[in-house]
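Chain residues, written in single-letter form:
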Amino acid sequence: MYSQGLTGEQSELEETPEFLAAFQARIDREEKIEPNDPMPAAYRKTLIRQIGQHAHSEIVGMLPEGNWITRAPNLRRKAALLAKVQDEGGHGLYLYAAAETLGVSREQMTEELLCGKAKYSSIFNYPTPTWADIGLIGWLVDGAAIMNQVPLCRCSYGPYSRAMIRVCKEESFHQRQGYEIVRTLAEGSAEQKEMAQDALNRWWWPSLMMFGPSDSDSVNSDQSMKWKIKRFTNDELRQKFVDATVVQAEKIGLTIPDPDLKWNEEREHYDFGAIDWEEFWRVVKGGGPMNRDRIAARKKAWDEGAWVREAALAHARKRLEREAAAKEAAE
Ligand code: BYC
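Residues numbered from 1 in each chain as written. Predicted model: local features only at pLDDT ≥ 70, side-chain atom pairs only at ≥ 80, totals over all residues. Heavy atoms only, no water.

*Asks:* If you had to explain the confidence of the model for the chain to someone new, which residues and values would you point to?
*Replies:* Parts of the model with low pLDDT should not have their predicted coordinates read in detail. In the predicted model, the chain carries a mean pLDDT of 95, and 96% of its residues have values of at least 70. Here residues 1–6 scores under 50 on pLDDT; set against residues more than four positions off or in separate chains, the count is 11 contacts. (pLDDT = per-residue confidence, 0-100. Contact = heavy atoms within 4.5 Å.)

Laid out in structure tokens, this is it:
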């Protein structure tokens, strides 16, 4: 979608108060910032961090579901799951390409993921032991992703906001296919219903953690909101997700595993119980049940793909040499 040749990192840019004020004024006028526009180094850095993390999440996110492609219960389920996992791969690629327009290479981003410097979403560090987990990922994880990503379609950085439009359309199909899997199980035999409830019990709290730390601990939110990278805070999006999901659970007769969940007439929102932030930070820092496996799988894929990258570069080099020789011969 974008090539690195488009990027315009300006190392010489002097960030005077006038420049910073003019940049903020563009943001406030809802103008999109494009790759070759002058931008503060911190704006560029924030976007590289967030888009990079987002891209890694899409690619690592293929692993828990990919685990079930060969074992999906029938052809229709297999075809839908295969398409969904491929979509996630596509999202990762658009996002790496969007990050590349900011002057970072995909190699750099991947190396940072593999050495533990770059994060990816905590949610993908949980296992998928049953078929119901695949339904739950679609329903809750893609549901949470939509809540977070629809506002990103209005992000101030043009390439990121445009990538998000297509991503959101696909996520919405993913959410519905997941909900349909869970609904089918919930309406099936007692064992099937129990399997769906068990998966909901395991995925509910990690899904709420996807939105990030509470606003009081979110170090990046204030500045990202001013730059209109983020349009809602972590807690605002988490609340929207809870409000939307409770009714969906009720409709299929499943119980959200939170005894403190209650409609609050005054606030016109659901109150919900305390999130275990210790678990969140433990998982983010590498101590979740599947962190090691996820990074090992990414490292294996990156190492095994080295020859493809080398072959593509060698081909590009040879083509350039051939073109240069042909041009010289013609002169
Ligand atoms: N997991 O200051 P905060 C998908 C980090 S993929 C891990 O609030 P920010 C899908 C955060 O990075 C969905 N780390 O940060 C794919 C920061 O650390 P650094 C992925 C987390 O950036 C396949 C620190 O905590 N979606 O949909 O303002 C199958 C403090 O946080 C998490 C995106 O990536 C977490 N959950 O806000 C199915 C969306 N939360 O970087 C589905 C784009 C926070 O300062 N990203 N951290 O070292 C965002 O919207 C924002 O980056 C976040 C965090 C809301 C996630």
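*Asks:* Help me get a handle on the environment of Gly52, residues and values and all.
*Replies:* You can see Gly52 is positioned in helix α2 (residues 41–60). Here Gly52 falls in the buried class, since its relative accessible area comes to 5%. In the structure, Gly52 is positioned 58 residues away from Thr110 in sequence and 8.8 Å away in space, judged by C-alpha atoms. (Helix = DSSP H or I, 4+ residues; strand = E, 2+ residues; numbered from the N terminus. Buried < 20%, exposed > 50% of the residue type's maximum accessible area, 1.4 Å probe, protein only.)

*Asks:* Would you mind going over the side chain of Glu279 in detail, with residue names and values included?
*Replies:* Positionally, Glu279 belongs in helix α11 (residues 277–287). Although buried, Glu279 forms no salt bridge, and the nearest oppositely charged side chain, Arg282, lies 4.8 Å from it. Every residue in contact with Glu279, bar those within four places of it in the chain, is listed here: Tyr126, Pro206 and Met209. (Lys, Arg positive; Asp, Glu negative; His and termini not counted. Salt bridge = Lys/Arg side-chain N within 4 Å of Asp/Glu carboxyl O.)

*Asks:* Please provide a residue-by-residue account of the pattern of salt bridges, values included.
*Replies:* Should the charged atoms of two oppositely charged side chains come close, the side chains can pair. Taken as a whole, this structure holds 21 salt bridges when the rule is applied. Across the pair Arg183 and Glu187 runs a salt bridge whose closest N-O atoms are separated by 3.9 Å. Residue class for Glu187 comes out exposed when judged on its relative accessible area of 54%. Two residues, Lys299 and Asp303, come together in a salt bridge whose shortest N-O distance is 2.8 Å. With Lys299 and Asp303 both in helix α12 (residues 291–304), this residue pair falls 4 residues apart, about one helical turn. You can call Lys299 partly exposed: its relative accessible area is 42%. Connected through salt bridges with shared partners, the residues Arg26, Arg29, Glu31 and Asp37 form a single ionic network.

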